[in-house]
Amino acid sequence: MLAPHAEVHVFDAMPSLARKFLLAGRGGLNITHGEEFASFINRFGDAREKLRPALEAFTPQQVRDWAAGLGIETFEGSSHRIFPRQMKASPLLRAWIQRLGRAGVSFHMKHKWRGWSDDGGLVFETPEGERRFRAAATVLALGGASWPRLGSDGGWVPLLAEKGIRINELKPANCGFDVTWSAHLKARFAGAPVKSVALEFGGTRIKGDFIVTETGIEGGAVYALSAALRDEIASNGKALLTVDLAPDRDEARLVHDLERPQGKSSMANFLRKVAGIEGAKAALLREAGPDLPWDPTQLMKRIKHLELTLTAPRPIAEAISSAGGVALDALGTDYVTSIPGVFAAGEMLDWEAPTGGYLLTACLATGRAAGLGAVNYLARTR
Ligand SMILES: Cc1cc2nc3c(=O)[nH]c(=O)nc-3n(C[C@H](O)[C@H](O)[C@H](O)COP(=O)(O)OP(=O)(O)OC[C@H]3O[C@@H](n4cnc5c(N)ncnc54)[C@H](O)[C@@H]3O)c2cc1C
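Right, let's walk through the structure included here. (Residues numbered from 1 in each chain as written. Predicted model: local features only at pLDDT ≥ 70, side-chain atom pairs only at ≥ 80, totals over all residues. Heavy atoms only, no water.)

1. A word on the environment of Ala275
Our working definition: In this text, helices come from DSSP runs of H or I with a minimum length of four residues, and strands from runs of E with a minimum of two, each type numbered from the N-terminal end.
In this structure, Ala275 sits in helix H11 (residues 267-275). Taking C-alpha positions, Ala275 is 7.4 Å from Leu258, a pair spaced 17 residues apart along the chain.

2. Focus: the packing of aromatic side chains
Where we set the bar: Two aromatic rings from Phe, Tyr or Trp, using only the six-membered ring of Trp, form a pair when their centres are within 6.5 Å; if the ring planes differ by under 30 degrees the pair is stacked, by over 60 it is edge-to-face, and anything between is tilted. Exposure is judged per residue with a 1.4 Å probe applied to protein chains only, and the accessible area is read against the type maximum: over 50% gives exposed, under 20% gives buried, and values in between give partly exposed.
What the rule picks out here adds up to 13 aromatic pairs. Seen from their ring centres, Phe37 and Phe40 are 5.9 Å apart, and the 25 degrees between their planes marks the pair as stacked. Separated by 3 residues within a single helix, Phe37 and Phe40 lie in helix H2 (residues 37-42), roughly one turn from each other. A relative accessible area of 23% means that Phe37 is categorised as partly exposed. Accessibility expressed as a relative area gives 0% for Phe40, which makes it buried. Each ring, one from Phe343 and one from Tyr377, has its centre 6.2 Å from the other, and the planes form 70 degrees; the classification is edge-to-face.

3. Looking at the site of the ligand
For clarity, the cut-off: Working definition: residue near molecule or strand if any one of its non-hydrogen atoms lies within 4 Å of it. Polar contact criterion, stated in full: a pair of N or O atoms within 3.5 Å, where within protein one must be able to donate a hydrogen and the other to accept it, and residues adjacent in sequence count only if both atoms are side-chain atoms. Only the protein chains shown count as cover for residues, with accessible areas throughout obtained via the Shrake-Rupley method and a probe of 1.4 Å.
Looking at the ligand, there are 23 residues lining it, with Asp12, Asn30, Trp113, Glu347 and Leu360 nearest. Measuring from an oxygen atom of the ligand, one finds a side-chain N or O atom of Asp12 at 2.6 Å. Residue Ala141 places a main-chain N or O atom 3.5 Å away from an oxygen atom belonging to the ligand. Starting from 1,000 Å² of accessible surface for the ligand in isolation, the protein chains cover 88%.

4. Thoughts on the side chain of Thr213
Quick reminder of the rule: Note on definitions: a residue-residue contact is assigned when non-hydrogen atoms from the two residues lie within 4.5 Å.
Here Thr213 lies in the loop between strand S13 (204-212) and strand S14 (216-218). Among residues more than four places away in sequence, those in contact with Thr213 are Trp181, Ala190, Gly191 and Glu218.

Written as structure tokens, this is what we have:
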């Protein structure tokens, strides 16, 4: 696809490439998702239509084919999430970098991009001092602002904003939240998993697990609701999350179970025996109000409609991903910015999606679209 005379140079601020990609590999590298494309595209919410052409041109199946072309077989797990068989990122990254190297791509590490010089050159800070580089076309893929120690620190925001590129505030996505816990809950249960619950907010119910942390809650089921919870806190200063501690029993069945004679059991033993509520689940129940009612219907309501008050999302540095970034409607269909010859892709663009392989797929698809945009731009302008 590249014109034979096009040189490709990759610059990165860090000493080695793709540190966040490697971190994602620690969780097995959930690289894409196997659900029907119609559902898949809906995970991108408001950004769906803008991302559609790029995602239709590089579908989840094509992500799998691309990995297979690099010698990495993938498999679909029980929740339709797709992973490399080895559940690691490093073999895929190694094969990818080797292929790019064979194709003539040059890599320049420890090159922190600082903006443009007056004559339009790219300016980098390097251990050897400032370096300038003239590029005929530039693809920016600078990431969001989560886990900044891996390289993506959002330092590009003022550089693009001062060039008139519209940027929406970077915000945490797929993140945990603050809850004001009692000293007892923090001391005894920080770090404890709360398994097999259902979380409900804004009419969406997610079954899964979460973790009690020193500062609140985090984990898969929380991330799935995090965009709506974050926006609610921004508008109203807090969000009320409903936790169903016994999602596999409906209300009537749970009331029936709670009607069993208590005998000489304490409340704690009774709840453990008849409703399977113990450990962190029992502590959460008591946290909501110390005096648990013995009345089965009232007790059922506490168990199935436990309310947690979330006061703030955790800082973006701790989030799995970022929302906000370069406004999609400020980009051309080929991902060109308002600066001719400068394209942008990946998490630095203003879209968000849940965990499940959607993030990497959209980064790859928009990266491909922006790269093709640059190739076409070079063909037009040279
Ligand atoms: C713990 C964790 C687990 C994850 N797991 C998954 C998963 O399983 N599946 C999934 O789909 N997604 C996952 N993600 C999200 C996914 O890793 C990111 O969405 C993806 O890596 C973003 O790719 P990107 O290329 O846009 O940005 P990044 O991967 O952040 O890369 C941006 C690069 O730009 C460089 N850079 C930034 N600023 C400058 C500058 N001024 N000069 C030079 N270089 C600069 C950085 O050093 C970095 O190398 C996970 C994220 C985290 C934190």
